[in-house]
Amino acid sequence: MTEQSLKVNLLDFDRDGLVEYCESLGEKRFRAIQLLRWIHRHCVGDFSQMTDLAKAFRAKLETNCEIRAPHPIWDKLSADGTRKWLFDVGNGNAVETVFIPEDDRGTLCVSTQAGCAMGCLFCSTGKQGFNRNLKTSEIIGQLWHAEKTLREDMGITDPLDRVISNVVLMGMGEPLQNLDNVIAALKLMLDDNAYGLSRRRVTVSTCGLTLQMDKLAEAVPVALAVSLHAPTDELRDQIMPINRKHPLADLMSACKRYLAHAPRDYITFEYILLGGVNDRLEHARALVKLVQGISCKFNLIPFNPFPDSDLRKPEASDVKAFQDYLINRGFVTTVRKTRGDDIDAACGQLAGNIKDKTRRAERLAEQKARATFLKKVQ
Ligand code: SAH
Ligand code: SF4
């Protein structure tokens, strides 16, 4: 259990918040920017190391503030270099963060909620239920801790030599259900005095909360991935309960509005292939019709099973046929490689540790009923 602290956690502030806070301590704006750089660019968590800050300012910071990222319970390294952390976020809850190194980039997959309330049928986080939104400090703290430890492990001392070049909000939780804290964390990721990532190297993945997509576009139009997973309302209603509230026509309109804010961008449609459920060519055909007029790419994700999931992986030949169909119609279509599955770090396998506050048992029964329905229609 994390101990309660009365100190102000500076990881909760984006740049404007930090400037305002420092002004309340009687410090000028440029001091706040120096502080911001120490915290997020240099990944320093100890005020005594911030050598160009006046001693009196450092003393004030020591008395009133702290730089506290969530505490890692453990981290694991996969045979393919993927690394996963389990972070304690208090009261028995823990969330997961995954680092995926590739030749030309290093991607960090960050969690935004302790659990998730969206209840998608195929998702292990959804099965865990929901406890609470993560604070800004708990979201940006995952990046802060990962960058700091990866750099230390690799012996990197230049603060501009970054290990993490891309961030995806595709860990546990639905980012757009936690919009204010997610926006503050995104602003830090893009801030030149903090992580300095370009807008296109930061991706938010959503199950399709349309109003919040509009708000994100206004605030920080980063790259957007939309979890589509079915081409018709009939099927999507069954596997993603959110579709009953925001059906596909609304979701497609929201995607078009999002792109109006970022005209040269595209939406990445994520599409899990569930064996025998949504992986037939008729689904690919319907998909092409659905996304007409939207600049987009597809990322196909072969379903990653987890205990009690009641769903199965697609056949490799069906994945290939689905991909070829979309490519032949002019869509850039990738198939997501499974990384880190020896440490349960693959998509949809992140389960953390959640003290569910919702009607989990009832929901599970409901999900079982839907799975039975899906088996019947196969
Ligand atoms: N809540 C957001 C982001 C987190 S989920 C969203 O739903 O988009 C990140 C991605 O992993 C989503 O595309 C999600 O649908 C996918 N995913 C969930 N469970 C999975 C599973 N068992 N196998 C493969 N991908 C899964
Ligand atoms: Fe939540 Fe995303 Fe999992 Fe659905 S897929 S339950 S929205 S984390």
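Residues numbered from 1 in each chain as written. Chains lettered and ligands numbered in written order. Predicted model: local features only at pLDDT ≥ 70, side-chain atom pairs only at ≥ 80, totals over all residues. Heavy atoms only, no water.

Participant: Before we go on, may I ask you to explain the sheet that holds strand S11 (residues 223–227) in this structure?
Facilitator: Sheet architecture is open: 10 strands sit in the order S3-S4-S5-S6-S9-S10-S11-S12-S13-S14, paired in mixed fashion. Every other strand in the sheet has two partners, leaving strand S3 (71–77) and strand S14 (333–335) as the edge strands with one partner each. Here the average twist between neighbouring strands, direction ignored, is 20°. The sheet strands contacting helix H9 (residues 248–261) are S11 and strand S12 (267–273), and the helix crosses S12 at an angle near 145°. (Pairing = 2+ DSSP bridges. Helix = DSSP H or I, 4+ residues; strand = E, 2+ residues; numbered from the N terminus. Axes fitted to C-alpha atoms, helices over the stretch in contact; angles between N-to-C directions. Contact = heavy atoms within 4.5 Å.)

Participant: Looking at this model, I keep getting lost on the site of ligand 1. Mind explaining?
Facilitator: Around ligand 1, a shell composed of 21 residues is seen, among which Phe122, Ser205, Ser227, His229 and Asn304 lie nearest. In the model, a nitrogen atom of ligand 1 is placed 3.2 Å from a nitrogen or oxygen of the Glu174 side chain. Asn304 places a main-chain nitrogen or oxygen 3.0 Å from a nitrogen atom of ligand 1. Summarising the interface, the protein chains cover 95% of the accessible area of ligand 1, which totals 540 Å² for the free molecule. Every element with two or more residues in the shell around ligand 1 is listed here: strand S10 (202–206) and S12. Each residue belonging to the shell around ligand 1 can be placed in one class, and the counts come to 11 nonpolar, 8 polar and 2 charged. (Near = heavy atom within 4 Å. Polar contact = N/O pair within 3.5 Å; in protein donor to acceptor, adjacent residues only side chain to side chain. Areas by Shrake-Rupley, 256 points an atom, 1.4 Å probe, with all protein chains shown as cover. Nonpolar A, V, L, I, M, F, W, Y, C, P; charged D, E, K, R; others polar.)

Participant: What exactly am I supposed to notice about the site of ligand 2 here?
Facilitator: Near ligand 2 you find Cys116, Met118, Gly119, Cys120, Phe122, Cys123, Gly126, Gly173, Glu174 and Cys207, and these make up its full shell. Among the residues forming the shell around ligand 2, the class breakdown is 6 nonpolar, 3 polar and 1 charged.

Participant: Hey, could you run me through the environment of Asp324 in this one?
Facilitator: Topologically, Asp324 is positioned in helix H11 (residues 316–328). Overall, Asp324 belongs to the partly exposed group, its relative accessible area being 28%. Sequence separation between Asp324 and Ala284 is 40 residues, and the spatial gap between their C-alpha atoms is 9.8 Å. (Buried < 20%, exposed > 50% of the residue type's maximum accessible area, 1.4 Å probe, protein only.)

Participant: How should H11 be read in this particular structure?
Facilitator: Because each turn of an α-helix spans 3.6 residues, side chains separated by three or four positions end up pointing in the same direction. The first and last C-alpha atoms of H11 sit 18 Å apart over 13 residues, in line with the 18 Å expected at 1.5 Å per residue. Those residues of H11 that sit buried are Val319, Phe322, Gln323, Tyr325 and Leu326. Down the axis of H11, the smallest arc covering the buried residues is 155°, so these residues share one side. In H11, those exposed residues whose orientation departs by more than 90 degrees from the buried face are Ala316, Ser317 and Asn328. Next to the buried residues of H11 lie S12, helix H10 (281–290), strand S13 (296–302) and S14. (Expected span 1.5 Å × (residues − 1). Arc of directions from axis to C-beta.)

Participant: Looking at this structure, how should I read the pattern of salt bridges?
Facilitator: Should their charged atoms come close, side chains of opposite charge can pair. Under the counting rule described, the total for this entry stands at 19 salt bridges. Here Asp75 ties to Arg83 by a salt bridge, and the two come within 2.7 Å at their closest N and O atoms. Note that Arg132 is salt-bridged to Glu138, the shortest N-O span being 2.8 Å. Exposure remark for Arg132: the relative accessible area of 23% places this residue in the partly exposed category. Several salt bridges converge on common partners, so that one network encompasses Arg15, Asp16 and Asp191. (Salt bridge = Lys/Arg side-chain N within 4 Å of Asp/Glu carboxyl O.)

Participant: Explain the environment of Cys296 here, please?
Facilitator: Within the fold, Cys296 resides in strand S13. Distance in space between the C-alpha atoms of Cys296 and Thr334 is 12 Å, their sequence separation being 38 residues.

Participant: Explain unusual backbone geometry here, please?
Facilitator: Apart from glycine, the bulk of residues carry a negative phi angle, and the bulk of peptide bonds sit in the trans form. Even without being a glycine, Asp308 presents a positive backbone phi close to 70°. By the element assignment, Asp308 lies in the loop between S13 and H11. Non-glycine residue Asp310 carries a positive phi angle of around 60°. Within the secondary structure layout, Asp310 lies in the loop between S13 and H11. For Asp310, a relative accessible area of 33% corresponds to the partly exposed category.

Participant: What is the right way to look at the packing of helix H1 (residues 15–24) against helix H2 (residues 29–41) in this model?
Facilitator: Axis angle and axis distance: for two packed helices, these are the angle between their axes and the distance between the axes, and together they describe the pair. Between H1 and H2, whose axes approach to 8 Å, the crossing angle comes to 125°. Looking at the two axes, H1 sits oblique to H2. Handedness of the H1/H2 crossing: right-handed. Across from Arg15, Leu18, Val19, Cys22 and Glu23 in H1, the residues of H2 making contact are Arg29, Ala32, Ile33, Leu35 and Leu36. Among the residues forming the contact of H1 with H2, the class breakdown is 7 nonpolar, no polar and 3 charged. (Parallel < 35°, antiparallel > 145°, perpendicular 65-115°, else oblique. Left-handed = near helix turned anticlockwise from the far one by under 90°.)

Participant: Would you mind going over the packing of aromatic side chains with me for this structure?
Facilitator: Remark: the centre distance and the inter-plane angle together describe each pair of aromatic rings, the angle taken between the planes. Applying the stated rule across the entire model yields 5 aromatic pairs. Look at Phe13 and Tyr21: their rings are 5.3 Å apart centre to centre, the planes differ by 25°, and that puts the pair in the stacked class. According to the relative accessible area criterion, Tyr21 is buried, its value standing at 14%. Taken together, a centroid distance of 6.0 Å and an interplanar angle of 35° make the contact between Phe269 and Phe298 tilted. Taken together, the residues Phe269 in strand S12 and Phe298 in strand S13 connect sequence positions 29 residues apart. (Phe/Tyr/Trp six-rings, centres within 6.5 Å; stacked < 30°, edge-to-face > 60°.)

Participant: What is the right way to read the environment of Ala54 from this model?
Facilitator: You can see Ala54 is positioned in the loop between H2 and helix H3 (55–64). A relative accessible area of 37% places Ala54 in the partly exposed class. In the structure, Ala54 is positioned 13 residues away from Ile67 in sequence and 18 Å away in space, judged by C-alpha atoms.

Shape descriptors only; they carry no functional weight alone.
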